[in-house]
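# Geometric and topological summary
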Amino acid sequence: MDLSFIINELGEDREQYFNAIAPPIMQSSNFAFETVAAMRDLLLDEYKGFLYSRGHNPTIDILRQKLAALDGAEDALVFGSGAAAIFTGVLSVVQQGDHVICVRDPYNWARQLFEIILPKFGVETTFVDGTDIANFEKALRPNTRLIYLESPNSFTFELQDIKAVAQLARSRNITTMIDNSYCTPLYQQPHLMGIDLCLQSATKFISGHSDTMAGVLTGSQEKIRRIFVSEYLNIGSGIAPFNAWLLLRGLRTLEIRLQRSADSTRQVLAWLKEHPLIHKVFFPLDPDFPQFELANSQMKGAAGLLTIQLKVERREQVELFCNSLKHFLMAVSWGGHESLAFPACASLEADSFDPGEPKHKMVRLYIGLEDPAYLIKDLEQALSKI
Ligand SMILES: *Cc1c(COP(=O)(O)O)cnc(C)c1O
């Protein structure tokens, strides 16, 4: 399916809403029926239509169709956050006594789910260095039910060989799930590489304006339908119609926003690599990145996030650099219009800074939609302060 068709037309039936160009926000919790027979029909199978907005809703339905198609998947569910998509997806796969293999250093709330919540229900997780397929093989147990990936991760960008992991999992009847937030479906399509469930935080690039939270889970219709009638309806963490509408609006410009951010990221990266106070840069499509070959073979692009390691010895220098930035905002998240800085040392107690630990001197940058020259000037003046 053409990207232009998906973004501009798929799922939109303007005759249903006065030929309005922008789809309506169907802000209704419930939907009425003409006959008992029609009502019964949906009560017995809510997946089929509009009954109650904890399930399906017309505005959200347009979004589901577009997001599924972007992923090359049959169906999608949209959640109130990426974390809800992770929780619901994982919960739909595992049961008591099961074992999970998860990449080392996944998104923080995925790690909490595997480390703190699932053990309460008798589900154990092994965390592995996902850069080598042999580590997945070694971690396999007879009761392994799920392999959870994140490629690349969103701080230091380690990748997994997605095809190889999917093949290994399929041969053992193990479900695979991947966090594809960094790439979005425009730059990586895990379903085409054999992954069963694909999720992303739509709070980031899909929304694109730092004004809504959302998550997406895609897969085969059989799997998504099963999740819908059970975990999705039961947890009740589906997206609200207004937030779904914001994502539809974000999708219209997704392609050009990614292009702009990707172009600017390359310019900023090239400048940073020449700066004497930058010890190292991390970006998956930089030829110096350790997994560049793999990144180049399974990703169609990369935009926005890159990490720098400063050539400094003291926490105060890292902080001075970040505090001196005038146009980069210091904040978590990414994928919006605005450029951001996130120092790793902000997640540590101030006195546990260790100058021998490379990670403590890292600052993640997100390159938004501003003029790259404007951003470089800001980095230059902030680096000159240290
Ligand atoms: C932000 C993020 C999430 C979680 O999404 P929320 O929308 O914040 O709940 C998951 N994975 C990655 C890689 C993220 O960056």
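Note that the structure is a prediction, hence the values are computed from the model and not measured.

In this section: the overall build of the chain. The number of helices and strands found in the chain is 14 helices and 12 strands. Whereas a compact globule of 386 residues would reach a radius of gyration of roughly 21 Å, the chain reaches 22 Å, a difference of no more than 12%. For the chain, the C-alpha atoms occupy an extent of roughly 75 × 55 × 40 Å along the three principal directions. Out of the 386 residues belonging to the chain, those deemed buried represent 55%. Taking as baseline every contact in the chain between residues at least 6 positions apart, the subset at least 24 positions apart corresponds to 72%. When the accessible surface of the chain is split by element, carbon and sulfur atoms take 51% of a total near 17,400 Å². Taking the average place of the 36 positive charges on the side chains of the chain and the average place of its 46 negative ones, the gap between the two points comes to 1 Å.

A few words on the site of the ligand. Every one of the 14 residues lining the ligand counts as a neighbour, but G82, A83, D179, T203 and K204 are closest to it. Within the backbone of G82, one N or O atom sits 2.8 Å away from an oxygen atom of the ligand. At 2.6 Å from a nitrogen atom of the ligand is found a side-chain nitrogen or oxygen belonging to D179. Burial of the ligand by the surrounding chains reaches 93%, relative to a free accessible area of 370 Å². Here the residues of the shell around the ligand sort into five nonpolar, six polar and three charged.

Okay, the packing of helix 11 (residues 254–273) against helix 14 (residues 372–384) next. Across the interface, helix 11 lies against helix 14 with an axial gap of 10 Å and an inter-helix angle of 35°. Remark: the crossing between helix 11 and helix 14 carries right-handed chirality. Of helix 14, the residues touching helix 11 (which contributes R260, S264, Q267, V268, W271 and L272) are P372, I376, L379, E380 and L383. Partitioned by chemical class, the residues of the contact of helix 11 with helix 14 number seven nonpolar, two polar and two charged.

Below, the discussion takes up the sheet that holds strand 11 (residues 340–343). One open sheet accounts for five strands, arranged 8-9-12-11-10; its pairing is mixed. Each having just a single partner strand, strand 8 (278–282) and strand 10 (329–330) make up the two edges of the open sheet. Bridge count between strand 11 and strand 12 (residues 362–366): four bridges; the pairing is antiparallel. The partner of A341 across the bridge, within strand 12, is L365.

Turning our attention to unusual backbone geometry. P152 follows S151 through a cis peptide bond whose omega is -10°. Non-glycine residue F18 carries a positive phi angle of around 60°. By relative accessible area, F18 is classed as exposed at 83%.

Under the counting rule described, the total for this entry stands at 11 aromatic pairs. With a centroid separation of 5.6 Å and 25° between ring planes, the pair formed by F228 and Y232 is classed as stacked. Of this pair, F228 and Y232 both sit in helix 9 (residues 221–235), four residues apart, which is roughly one turn of the helix. When sorted by exposure, F228 lands in the same class as Y232, which is buried. When the centroid spacing of 6.1 Å and the interplanar angle of 15° are considered together, the rings of F242 and W245 count as stacked. With a gap of three residues between them, F242 and W245 both fall in helix 10 (residues 241–252), about one helical turn apart. F242 sits in the partly exposed class, given a relative accessible area of 40%.

A separate point is the pairing of strand 3 (residues 124–128). Where strand 2 (residues 99–103) lies against strand 3, five bridges are found, and the strand directions are parallel. Note on strand 3: the bridge partner recorded for V103 is V128. Between the parallel elements strand 2 and strand 3, the chain passes through helix 5 (residues 108–117) in a crossover that is right-handed.

A few words now on the nonpolar core. L67, L272, I308, L310, F321, V363 and L365 are the most contacted members of the largest nonpolar core, which has 74 residues in total. Per element, the largest residue contribution to this core is seven residues, and it comes from helix 3 (residues 58–70). Structurally, this core is a two-domain feature, drawing no fewer than three residues from each of domain 1 (3–252) and domain 2 (254–384). Other than its neighbours up to four places away in sequence, L67 contacts A76, V78, I206, V216, T218 and L251. With 45 residues, the next largest nonpolar core counts V94, V100, L149 and C198 among its residues.

One pass over the structure, following the stated rule, counts 16 salt bridges. One connected set of salt bridges, linked through shared partners, spans E12, R14, K66 and R252.

Segmentation of the chain into domains returns domain 1 (3–252) and domain 2 (254–384). With centres defined by C-alpha atoms, the gap from domain 1 to domain 2 works out at 28 Å. At the interface, 33 residues of domain 1 touch 34 residues of domain 2. Summing the contributions of domain 1 and of domain 2, the shared interface buries around 2,900 Å²; its carbon and sulfur component is 64%. On the domain 1 side of the contact with domain 2, F155, Y187 and F205 bury the most area, a combined 29% of that side's loss.

Thresholds applied
Residues numbered from 1 in each chain as written. Predicted model: local features only at pLDDT ≥ 70, side-chain atom pairs only at ≥ 80, totals over all residues. Heavy atoms only, no water. Helix = DSSP H or I, 4+ residues; strand = E, 2+ residues; numbered from the N terminus. Rg over C-alpha atoms; globule rule 2.2 N^0.38 Å. Buried < 20%, exposed > 50% of the residue type's maximum accessible area, 1.4 Å probe, protein only. Contact = heavy atoms within 4.5 Å. Areas by Shrake-Rupley, 256 points an atom, 1.4 Å probe, with all protein chains shown as cover. Lys, Arg positive; Asp, Glu negative; His and termini not counted. Charge placed at Lys NZ, Arg CZ, Asp CG, Glu CD. Near = heavy atom within 4 Å. Polar contact = N/O pair within 3.5 Å; in protein donor to acceptor, adjacent residues only side chain to side chain. Nonpolar A, V, L, I, M, F, W, Y, C, P; charged D, E, K, R; others polar. Axes fitted to C-alpha atoms, helices over the stretch in contact; angles between N-to-C directions. Left-handed = near helix turned anticlockwise from the far one by under 90°. Pairing = 2+ DSSP bridges. Phe/Tyr/Trp six-rings, centres within 6.5 Å; stacked < 30°, edge-to-face > 60°. Right-handed = clockwise from strand over helix to strand, strands pointing away. Core = buried A, V, L, I, M, F, W, Y, C linked by side-chain atoms within 4.5 Å. Domains from an automatic or database assignment. Salt bridge = Lys/Arg side-chain N within 4 Å of Asp/Glu carboxyl O. Buried area = accessible area lost by both parts, 1.4 Å probe.

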